[in-house]
Amino acid sequence: MIEAIIALAVVIVIITAVVVVVTSSLSGSSSNTHRDKATAYAQEGIEVLRDIKTADFTLFTTTYPSGSYCLAEIVNSPTIQAGDQCDGDGEYNILGSFIRRIYINHSGIDGRVSPNVAKCDSGSFAASTVLWTDSKCISGNINCHDVEISTCFKNLNSLPAL
């Protein structure tokens, strides 16, 4: 009888260990999926800016002066709104799960940090940041995860011909 109880206890410990490993693995997989999606949305934000810049650099710099913007989910055409309160009404602006912020500085610096840091020798500095929250965020700390992609844009039309 004691042998049966010991065997049952060993089986229960093994099953519990397997459940913990599987749960941890699934949790990590979900986190990686969110990070992959956020990276794709951040890259999409840079591509939208690049397309606008390529079409008309002057229009890019005048329509979107240095500052922060929100870039919502792209359905037909990009909607870029001034300001960094992308979830002003409490809703996420991409698939109800992510917030995408765009930062542009036509002096080539990252003015979001102090002291300002030069990022580009000339041209415009741009960053696309995507934030999200999940069960790993500490209570009250929403959007505790983020991915950022940054680049420099130059007006290629104003460069001298070779």
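Small disclaimer: the values here were computed from a predicted structure and weren't measured.

Asks: Before we go on, may I ask you to explain the state of the cysteines in this structure?
Replies: By definition, a disulfide links two cysteine residues through a covalent bond between their sulfur atoms. For the structure shown, the criterion picks out two disulfides. Between the sulfur atoms of Cys-120 and its disulfide mate Cys-152 the distance is 2.0 Å. Residues Cys-120 and Cys-152 share a disulfide whose torsion about the S-S bond is about -90 degrees; that sign makes it left-handed. Of this pair, Cys-120 sits in the loop between β5 (117–118) and β6 (124–132) while Cys-152 sits in strand β7 (residues 145–153); the two residues are 32 residues apart in sequence, bridging distant segments of the chain. Overall, Cys-120 belongs to the buried group, its relative accessible area being 9%. A relative accessible area of 35% places Cys-152 in the partly exposed class. Linked covalently through their sulfurs, Cys-137 and Cys-144 form a disulfide whose S-S length is 2.0 Å. Negative torsions about the S-S bond denote left-handed disulfides, and the value of about -85 degrees found for Cys-137 with Cys-144 makes this one left-handed. Under the relative-accessibility criterion, Cys-137 is labelled buried at 13%. Taking relative accessible area as the criterion, Cys-144 reaches 28% and is therefore assigned partly exposed.

Asks: Help me understand the nonpolar core in this model?
Replies: Soluble globular proteins: nonpolar side chains tend toward being buried together. Ranked by internal contacts, the top residues of the largest apolar core, which has 22 residues, are Leu-49, Phe-60, Ile-80, Phe-98, Ile-104 and Phe-153. Listed by contribution, the elements that provide at least two residues to this core are α1 (2–55), α2 (57–63), β1 (67–71), β3 (98–105), β6 and β7.

Asks: Help me understand the pattern of salt bridges in this model?
Replies: Pairing of side chains with opposite charge becomes possible as their charged atoms draw close. Per the counting criterion, the structure on display carries three salt bridges. Close ionic contact of Arg-112 with Glu-148 constitutes a salt bridge, the shortest N to O distance being 2.9 Å. Of this pair, Arg-112 sits in the loop between β4 (109–110) and β5 while Glu-148 is found in strand β7, placing the two residues 36 residues apart along the sequence. With a relative accessible area of 37%, Arg-112 lands in the partly exposed category. The class for Glu-148 is partly exposed, based on a relative accessible area of 39%. Each of Asp-110, Arg-112 and Glu-148 takes part in salt bridges that share partners, so that together they form one network.

Asks: Would you explain the side chain of Ser-124 in this entry?
Replies: Among the structural elements, Ser-124 can be located in strand β6. For Ser-124, a relative accessible area of 1% corresponds to the buried category. Only 2.6 Å separates the side chain of Ser-124 from the side chain of His-106, close enough to count as a polar contact. Here Ser-124 is in contact with Phe-57, Phe-60, Thr-61, Asn-105, His-106, Thr-151, Cys-152 and Phe-153, once residues within four sequence places are set aside.

Asks: Hey, could you run me through the side chain of His-145 in this one?
Replies: Tracing the backbone shows His-145 in strand β7. In terms of polar contacts, His-145 uses its side chain to reach the side chain of Asp-134, at 2.9 Å. Every residue in contact with His-145, bar those within four places of it in the chain, is listed here: Val-130, Leu-131, Trp-132, Asp-134, Lys-136 and Cys-137.

Asks: I keep staring at the pairing of β7 and nothing clicks. Help me out?
Replies: Consecutive residues of a regular strand have side chains that alternate between opposite faces of the sheet. Judged by which residues are buried, β7 turns out to be one-sided: His-145, Val-147, Ile-149, Thr-151 and Phe-153 face inward and are buried, whereas Asp-146, Glu-148, Ser-150 and Cys-152, on the alternate face, are not. The pairing of β6 with β7 spans nine bridges and is antiparallel. Paired with Leu-131 across the strands is Asp-146, a residue of β7.

Asks: How do you make sense of the packing of aromatic side chains when you look at a structure like this?
Replies: If you walk through the whole model with that rule in mind, you get six aromatic pairs. Where Phe-57 meets Phe-60, the ring centres are 6.0 Å apart and the plane angle is 55 degrees; that geometry is what we call tilted. Placement of the pair is Phe-57 and Phe-60 together in helix α2, with a separation of three residues, close to one helical turn. Each member of the pair, Phe-57 as well as Phe-60, is classed as buried. Ring pairs connect the aromatic residues Tyr-41, Phe-98 and Trp-132, which therefore count as one cluster.

What counts, and where the lines are drawn
Residues numbered from 1 in each chain as written. Predicted model: local features only at pLDDT ≥ 70, side-chain atom pairs only at ≥ 80, totals over all residues. Heavy atoms only, no water. Disulfide = S-S within 2.5 Å. Helix = DSSP H or I, 4+ residues; strand = E, 2+ residues; numbered from the N terminus. Buried < 20%, exposed > 50% of the residue type's maximum accessible area, 1.4 Å probe, protein only. Core = buried A, V, L, I, M, F, W, Y, C linked by side-chain atoms within 4.5 Å. Salt bridge = Lys/Arg side-chain N within 4 Å of Asp/Glu carboxyl O. Polar contact = N/O pair within 3.5 Å; in protein donor to acceptor, adjacent residues only side chain to side chain. Contact = heavy atoms within 4.5 Å. Pairing = 2+ DSSP bridges. Phe/Tyr/Trp six-rings, centres within 6.5 Å; stacked < 30°, edge-to-face > 60°.

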